[in-house]
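Take a look at the letters that make up each chain.
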Amino acid sequence: MRIVFIGPPGAGKGTQCRRLSTHFAIPHLSTGEMLRKASRDTPVGRVVAAYIDNGQLAPDALVMRIVRKRLQGDDCRQGCLFDGFPRTIIQAELLDSHLAAMQQRVDVVLELQVAEAELVDRLLARAEVEGREDDTAETIQRRLQVFHSQTAPVLDYYSGRGLIEQIDGHRPPDEVFDEICRRIEA
Ligand code: AMP
C-alpha cells in the first residue's frame, strides 16, 4: 500500500506518520527529514539548507532524485508512506509516472486539516522544544503561504482521482491516529 500524507506545516504529519509506519509495517519517507540530513558541508547541502531555512521548497528535480533513489530500497517493495511529498503538481505527476513504470500507484491520500491560527501556535511551541531553524515566526508564515500556493493544488490533483481522505487534525493525536486507521482499513 502506498499512502501520501499531506497537511500544512504543524498539522502533526510527522507524529502520525511515525505511528502509521509501525502499524502498517511500511517505511516512512519524509522528504523534509531526507533533505535536512543532506550535509551542510557540501555545495548541494548548503543550497538545500538555504531553501529550508527560508521556508521555500527545494527544487523538484532534486527532491525527485532523492525519492526515486529511496524507492529502490527493498523495504519499499510492499509500499510506503510519503510524508510531506509530493508538495507540487510536478512532483505528483512525476511520482505517478515513476510508480506506473513499476506497475504501482498511490492508493490513498490523507489530508490532515488544522486551522491556521492553531498551526502557528503549534509551530512556535515546537520551536521552543526542537529548535528547528525554520520554525521562526517569519518562516512559518512563508511556509504556510507556500503550502497554499504550491501544495494545496496537489490536493485538487488527487481529489480528481477520488483518492482523498480528509482527517480533522484538531483532536488529540490518539484520536486522529484511530480515525486514520479506520479510514485506511475501510
Ligand atoms: P517538513 O519537514 O516536511 O516540514 O519539510 C521541511 C522543509 O523541507 C520544507 O519547508 C521544504 O523546504 C523542504 N521540503 C520537504 N519536503 C519537500 C518537498 N517534497 N519538496 C520540496 N521541498 C521540500
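Attention here is on the structure that accompanies the text. Bear in mind the structure is a predicted one, so any value in this text is a computation, not a measurement.

What about the site of the ligand?
- Around the ligand, the structure places 16 residues, and the nearest of them are T31, R36, Q56, A58 and Q91.
- Measuring from a nitrogen atom of the ligand, one finds a side-chain N or O atom of T31 at 2.8 Å.
- Taking R87, its side chain carries an N or O atom lying 3.1 Å from an oxygen atom of the ligand.
- Contact with the protein chains covers 96% of the free accessible surface of the ligand, which is 480 Å².
- Counting residues per element, the shell around the ligand draws most heavily on helix α2 (residues 31–37), which supplies 4 residues.
- Within the shell around the ligand, the residues separate by chemical class into 6 nonpolar, 5 polar and 5 charged.

Quick notes on the pattern of salt bridges
- Evaluation of the coordinates by the stated rule reveals 15 salt bridges.
- For E179, the salt bridge is made with R171, and the minimal N-O distance between the two is 3.7 Å.
- For E179, a relative accessible area of 13% translates into the label buried.
- Through salt bridges with shared partners, a single ionic network connects E165, R171, E179, R182 and R183.

Some remarks on the side chain of T88
- Within the secondary structure, T88 sits in the loop between β3 (80–83) and α5 (89–101).
- On the basis of relative accessible area, T88 is assigned to the buried category, the value being 7%.
- In terms of polar contacts, T88 uses its side chain to reach the backbone amide nitrogen of Q91, at 3.0 Å.
- In contact with T88, other than residues within four places in its own chain, are L57, D60, Q150 and V154.

Overview of the environment of E116
- You can see E116 is positioned in helix α6 (residues 116–130).
- Sequence spacing of E116 and P172 is 56 residues, and the spatial spacing of their C-alpha atoms is 17 Å.
- Each residue touching E116, except ones within four places of it in the same chain, is listed here: Q141, L144 and H148.
- A polar side-chain atom of E116 sits 3.1 Å from a polar atom in the side chain of H148.

Here we look at the sheet that holds strand β1 (residues 2–6)
- The 5 strands lie next to each other as β2-β3-β1-β4-β5, forming an open sheet whose pairing is parallel. Unpaired on one side and paired on the other, β2 (28–30) and β5 (164–168) mark the two borders of the sheet. When the angles between neighbouring strand axes are averaged without regard to direction, this sheet yields 20°.
- Here 5 bridges tie strand β4 (residues 108–113) to β5, and the two strands are oriented parallel to one another. Across the sheet, the residue bridging to Q113 is D168, located in β5.
- Docked against the sheet, helix α8 (residues 173–185) engages β1, β4 and β5, running at close to 160° with respect to β5.

The rules behind these values
Residues numbered from 1 in each chain as written. Predicted model: local features only at pLDDT ≥ 70, side-chain atom pairs only at ≥ 80, totals over all residues. Heavy atoms only, no water. Near = heavy atom within 4 Å. Polar contact = N/O pair within 3.5 Å; in protein donor to acceptor, adjacent residues only side chain to side chain. Areas by Shrake-Rupley, 256 points an atom, 1.4 Å probe, with all protein chains shown as cover. Helix = DSSP H or I, 4+ residues; strand = E, 2+ residues; numbered from the N terminus. Nonpolar A, V, L, I, M, F, W, Y, C, P; charged D, E, K, R; others polar. Salt bridge = Lys/Arg side-chain N within 4 Å of Asp/Glu carboxyl O. Buried < 20%, exposed > 50% of the residue type's maximum accessible area, 1.4 Å probe, protein only. Contact = heavy atoms within 4.5 Å. Pairing = 2+ DSSP bridges. Axes fitted to C-alpha atoms, helices over the stretch in contact; angles between N-to-C directions.

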